[in-house]
Amino acid sequence: AIASPATSESMTMLHSPMQRDANFRVVTLDDSPLISKMYRRLLHTKLGLPQDNVVVLSTQDEACDAANIILGHRPDIVVLDQNIDFMSTSGVCYFGTQIALELSERGFEGLVYLCTADAADMTILSSGDLKQKGIDLIVDKSNIATIAATILAGFHASCLSTSLGRVLIRPD
């Protein structure tokens with residue numbers, strides 16, 4: 001599934017604080033300092049998640065060990081950049097699809113959203129079975145409101161029901 005651009009209705013939802021569930025957790029991974037800053041602000045300030053429930057990964061070391069870090073935090077939603085690019089500093093590039101697959105293989109039960117600004121990635125990744133790749137949704141990274149609305153929708157789904165047969169509300 002690919003998230004569609006946010007509507008005025010979904011933008012209104014952005015003002016709904018998430019403080020009803022103090023256990024709801026989100027981990028993001030993006031190499032862009034600007035996007036990482038946006039995640040911190042959006043998830044804490046705009047969506048009302050407690051700071052302790054938001055983990056924003058952005059360094060090469062964090063990208064290299066992303067699956068372990070993510071599994072250690074036990075988030076409900078993981079938002080991964082597809083192209084986590086450190087080529088200019090170390091010659092290394094990580095891919096969100098590889099991290100998503102590793103999470104799936106290791107039994108991660110939360111939702112995994114893959115963000116990309118590359119239209120070619122959107123087309124290639126949306127073909128085939130995303131669940132086999134460990135991905136629940138592909139989100140257009142160029143539309144920040146869509147990312148926020150998608151995270152908020154995932155939160156509401158976790159509060160109301162199960163998603164894809166997996167219980168997202170944990171007893172702790």
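Counting of residues starts from 1 at the beginning of each chain's written sequence and follows it residue by residue. Local features in this predicted model are restricted to residues of pLDDT 70 or higher, and side-chain atom pairs are both shown and tallied only at a pLDDT of 80 or more, whereas totals for entire chains, interfaces and linings draw on every residue. Based on all heavy atoms of the structure, the side-chain values leave hydrogens and waters out of the count.

Asker: Describe the sheet that holds strand β2 (residues 54-57), naming the residues involved and giving the relevant values.
Answerer: Only when DSSP finds a minimum of two bridges between them are two strands counted as paired. Helical segments are the DSSP runs of H or I of at least four residues, strand segments are the runs of E of at least two, and each set is numbered from the N terminus. One open sheet holds the five strands; their spatial order is β2-β1-β3-β6-β7, and the pairing between them is parallel. Every interior strand has two partners, whereas the edge strands, β2 and β7 (137-140), have only one. For this sheet the average axis-to-axis angle between neighbouring strands, irrespective of direction, equals 20 degrees. Judged from the five bridges that link them, strand β3 (residues 77-81) and strand β6 (residues 111-116) form a sheet pairing that is parallel. Across the sheet, the residue bridging to Asp 81 is Cys 115, located in β6. Here, residues are in contact when the closest pair of their heavy atoms is within 4.5 Å. Every axis in this analysis is a line fitted to C-alpha atoms, fitted for helices over the stretch in contact. Angles between the N-to-C directions lie between 0 and 180 degrees. Here helix α2 (residues 33-46) sits on the sheet in contact with β1 (26-29), β2, β3 and β6, set at roughly 175 degrees to β2.

Asker: Let's hear about the packing of helix α4 (residues 66-73) against helix α6 (residues 96-105): which residues, and what values?
Answerer: Where α4 contacts α6, the two axes come as close as 9 Å, and the packing angle between them is 50 degrees. By the angle between their axes, α4 is oblique relative to α6. Note on packing geometry: the crossing formed by α4 with α6 is right-handed. Across from Ala 66, Ala 67, Ile 70 and Leu 71 in α4, the residues of α6 making contact are Ile 99, Glu 102 and Leu 103. Reported orientations rely on four angle classes, namely roughly parallel under 35 degrees, roughly antiparallel over 145, roughly perpendicular from 65 to 115, and oblique for the rest. Left-handed describes a crossing in which the near helix is turned anticlockwise from the far one by less than a right angle; the clockwise case is right-handed.

Asker: Please set out the side chain of Asp 76 residue by residue, giving values where relevant.
Answerer: Along the chain, Asp 76 turns up in the loop between α4 and β3. Polar contact criterion, stated in full: a pair of N or O atoms within 3.5 Å, where within protein one must be able to donate a hydrogen and the other to accept it, and residues adjacent in sequence count only if both atoms are side-chain atoms. At 2.7 Å, the side chain of Asp 76 and the backbone nitrogen of Arg 25 are in polar contact.

Asker: Summarise α2; cite the residues concerned and give the values.
Answerer: Helix length check: α2, at 14 residues, gives a terminal C-alpha distance of 19 Å against a target of 20 Å (1.5 Å per residue), a fit within 8%. Every buried residue of α2 is accounted for by Ile 35, Ser 36, Met 38, Tyr 39, Leu 42 and Leu 43. The buried residues of α2 occupy an angular sector of 155 degrees when projected down its axis, which confines them to one face. For α2, the exposed residues lying more than 90 degrees away from the buried face are Pro 33, Leu 34, Lys 37, Arg 41 and Thr 45. Working rule for helices: expected span equals 1.5 Å times residues minus one. Relative accessibility under 20% of the residue-type maximum defines a buried residue, over 50% an exposed one, and the middle range a partly exposed one, all with a 1.4 Å probe and only protein chains included. By arc we mean the arc of the directions from the helix axis to the C-beta atoms, nothing more.

Asker: For α4, give the residues involved together with the corresponding values.
Answerer: Those residues of α4 that sit buried are Ala 66, Ala 67 and Ile 70. Along the long axis of α4, the arc covered by the buried residues comes to 95 degrees, so they all point the same way. Buried positions along α4 lie against β1, β2, α3 (60-64), β3 and α6. Looking one or two residues past α4, Arg 74 carries a phi angle of roughly 50 degrees, positive in sign.

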